[in-house]
Amino acid sequence: MDHFLYRDGHLCAEDVPMSDIAAAVGTPFYCYSAATLTRHFLLFKEALEPMPSLVCFAVKSNSNVAVLKLLGDLGAGMDVVSIGEYLRAKAAGVPGERIVFSGVGKTPQEMRMALEGGIRQFNVESEPELEALSAVASSMGVEAPITLRVNPDVDAKTHEKISTGRKEDKFGVPISRAREIYARAAALPGIKVVGVDMHIGSQLTDLAPFEAAYTKMRGLVEALRADGHTIDRLDLGGGLGIPYTRSNEAPPLPLDYGAMVKRVLGDLGCEIEIEPGRLISGNAGMLVTQVIYRKSAEEREFLIVDAAMNDLIRPAMYGAHHDIIPVIEAEAGVLPEPFDIVGPICESGDTFAKQRALPPMAPGDLVAFRSAGAYGAVMSSEYNSRPLIPEVMVQGDHFAVIRARPTYDEMIARDSIPAWL
Ligand SMILES: *Cc1c(COP(=O)(O)O)cnc(C)c1O
């Protein structure tokens, strides 16, 4: 459930009409609902009770500092995949003891900065990384808390580009070699083993792959403990999917997920860490855009809108579906028409949707893309020299710009012309 509803025919974010925000900040823009972010975070937290747990928001899904502050103030931890994300979490006031550092390519410099600033754990993904971390931590005279990200060789049955837990994927260490690498970790200076980590993919719509992976994790924990390791934390990753359409069947709820985790892992006496991104931020955000032109071609009606693939790349990159709805609801009895909804960028890939039913639309009308709060703004670029679009957060009856639209001058001033040209 989210907090984007029509009131008197006007689409609102909580209590604020989208058209008011559009008038104030211009289009296109991203709009996030604070109440929805809060609700989604609490669903996870409650789903894991009474197990000791930390819900670490996957910062890569939405890294706006205001979003991180809202979740951090509710007690969320953060899962970061770069030192840039780490610094954003710190800027939002999240203490290092609640930040976990994931990712296959952490550099020694990133490791040092995280150790200096405080870190809950590194989720180590390879032996070379383990050795690099050992060298950095030893040189600083500290111990780095680690889990090893174990690849359980489970097919998450999700999109090829976001499946991460099969043996051919680049992530983690193979579960078949985990005991050997844990033994190596325990012998290295500057390394302190604290647990085990997994993340098998994103946008999973079925609990079965999670359960298969966690069952393998359970066996591994027992074996590692028998080998003499202290395993106190289980990081289960993120990946629970969200409904991108109103019509299709609903993916599992956090409550069902939590019940499964308790059943499979609840008696191990470990603290559970999870790293949800999409399920917290995805349906807490919308992208609002304006129709520039309506263009008729043979057997096609195009709506050319002022947002493009540089603002929201998911349809072009993953073939992803976003529900697209009018900001002003159609009058009763008005029949929808099929439209192809496209952006202004000079690539045919800049197509958001084909043959989508919408009420008759005219230039100047606003439409909203649902489910745009995750992997939306964070993946945007300035391709075609289109400045990054603003992000807005709504809470109740007020809203604030949480990232301003750069001016054209600001965008151009980032380049510099060498003196010799
Ligand atoms: C991407 C990612 C997540 C978050 O995935 P969601 O599908 O957004 O929940 C969590 N952990 C790691 C290590 C990731 O790479």
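These notes cover the structure that comes with them.

Conventions we followed
Residues numbered from 1 in each chain as written. Predicted model: local features only at pLDDT ≥ 70, side-chain atom pairs only at ≥ 80, totals over all residues. Heavy atoms only, no water. Salt bridge = Lys/Arg side-chain N within 4 Å of Asp/Glu carboxyl O. Helix = DSSP H or I, 4+ residues; strand = E, 2+ residues; numbered from the N terminus. Buried < 20%, exposed > 50% of the residue type's maximum accessible area, 1.4 Å probe, protein only. Near = heavy atom within 4 Å. Polar contact = N/O pair within 3.5 Å; in protein donor to acceptor, adjacent residues only side chain to side chain. Areas by Shrake-Rupley, 256 points an atom, 1.4 Å probe, with all protein chains shown as cover. 1 Å grid on protein atoms, 1.4 Å probe; cavity = no way out; pocket = protein on both sides within 12 Å on 5 of 7 lines; lining within 4 Å. Sits in = over half its atoms within 2 Å of the grid points. Nonpolar A, V, L, I, M, F, W, Y, C, P; charged D, E, K, R; others polar. Points joined across faces, edges and corners; volume = space filled by probe spheres on them. Phe/Tyr/Trp six-rings, centres within 6.5 Å; stacked < 30°, edge-to-face > 60°. Axes fitted to C-alpha atoms, helices over the stretch in contact; angles between N-to-C directions. Parallel < 35°, antiparallel > 145°, perpendicular 65-115°, else oblique. Left-handed = near helix turned anticlockwise from the far one by under 90°. Contact = heavy atoms within 4.5 Å.

### Things to note about the pattern of salt bridges
Point 1. Enumeration over the complete set of coordinates arrives at 21 salt bridges.
Point 2. As a salt-bridge pair, arginine 414 and glutamate 382 come within 2.3 Å of each other at their nearest N and O atoms. Highlighted residues: arginine 414 in the segment after helix 12 (408-413) and glutamate 382 in the loop between strand 19 (366-369) and strand 20 (391-395), separated in sequence by 32 residues.
Point 3. According to the relative accessible area criterion, arginine 414 is exposed, its value standing at 55%.
Point 4. Here the salt bridges do not stand alone but share partners, grouping Arg120, Glu271 and Glu273 into one network.

### A short note on the site of the ligand
Point 1. The environment of the ligand is formed by 15 residues, the closest being Lys60, Ser202, Glu275, Arg278 and Tyr375.
Point 2. Within the side chain of lysine 60, one N or O atom sits 2.7 Å away from an oxygen atom of the ligand.
Point 3. Within the backbone of glycine 277, a nitrogen or oxygen atom sits 2.9 Å from an oxygen atom of the ligand.
Point 4. Out of a free accessible area of 390 Å², the ligand has 93% covered by protein chains.
Point 5. Placement of the ligand is best described as lying within the largest pocket.
Point 6. Among the residues forming the shell around the ligand, the class breakdown is 3 nonpolar, 7 polar and 5 charged.

### Examining empty space enclosed by the protein
Point 1. Applying the stated criterion across every chain yields a total of 1 cavity of 30 Å³ or more.
Point 2. As a volume, the largest cavity reaches approximately 50 Å³.
Point 3. Surrounding the largest cavity, Phe44, Phe210, Gly237, Gly238, Gly239, Leu240, Tyr257, Ile274 and Pro276 form its lining.
Point 4. Split by residue class, the lining of the largest cavity holds 6 nonpolar, 3 polar and no charged.

### Thoughts on the packing of aromatic side chains
Point 1. Taken as a whole and assessed by the stated rule, the structure comprises 7 aromatic pairs.
Point 2. Considering the side-chain rings of phenylalanine 101 and phenylalanine 122, the 5.9 Å spacing of their centres and the 25° angle between planes classify their relative orientation as stacked. With phenylalanine 101 in strand 7 (residues 99-101) and phenylalanine 122 in strand 8 (residues 121-124), the pair connects residues that are 21 residues apart, well separated along the chain. Taken as a pair, phenylalanine 101 and phenylalanine 122 share a single burial class, namely buried.
Point 3. On the basis of an interplanar angle of 75° and a centroid distance of 6.3 Å, the ring pair of tyrosine 214 and tyrosine 257 is categorised as edge-to-face. Of this pair, tyrosine 214 sits in helix 8 (residues 208-226) while tyrosine 257 sits in helix 9 (residues 254-265), and the two are 43 residues apart along the sequence. Each member of the pair, tyrosine 214 as well as tyrosine 257, is classed as buried.
Point 4. Taken together through their ring pairs, the aromatic side chains of Phe44, Phe210, Tyr214 and Tyr257 make up a single cluster.

### Topic: the packing of helix 2 (residues 34-48) against helix 3 (residues 65-73)
In a packed pair of helices, the relevant descriptors are the angle between the two axes and the axis-to-axis distance.
Point 1. Closest axis-to-axis distance for the helix 2/helix 3 pair is 10 Å, and the angle between their directions is 45°. Between helix 2 and helix 3, the angle falls in the class oblique. For the crossing formed where helix 2 meets helix 3, the hand is right-handed. For the pair formed by helix 2 and helix 3, the contact residues are Ala34, Leu37, Thr38 and Phe41 on the first element and Val67, Leu70 and Leu71 on the second.
Point 2. Partitioning the contact of helix 2 with helix 3 into residue classes produces 6 nonpolar, 1 polar and no charged.

### Here's the deal with the layout of surface pockets
Regions of empty space are outlined by a rolling probe, equal in size to a water molecule, passed over the atoms.
Point 1. Approximately 760 Å³ is the volume found for the largest pocket.
Point 2. What lines the largest pocket is a set of 40 residues, and nearest its centre among them are Lys60, Ile162, His199, Ser202 and Tyr375.
Point 3. When residues of the lining of the largest pocket are traced back to their parent elements, those giving at least two are helix 10 (278-281) and helix 11 (314-318).
Point 4. When grouped by side-chain class, the residues that make up the lining of the largest pocket number 15 nonpolar, 14 polar and 11 charged.

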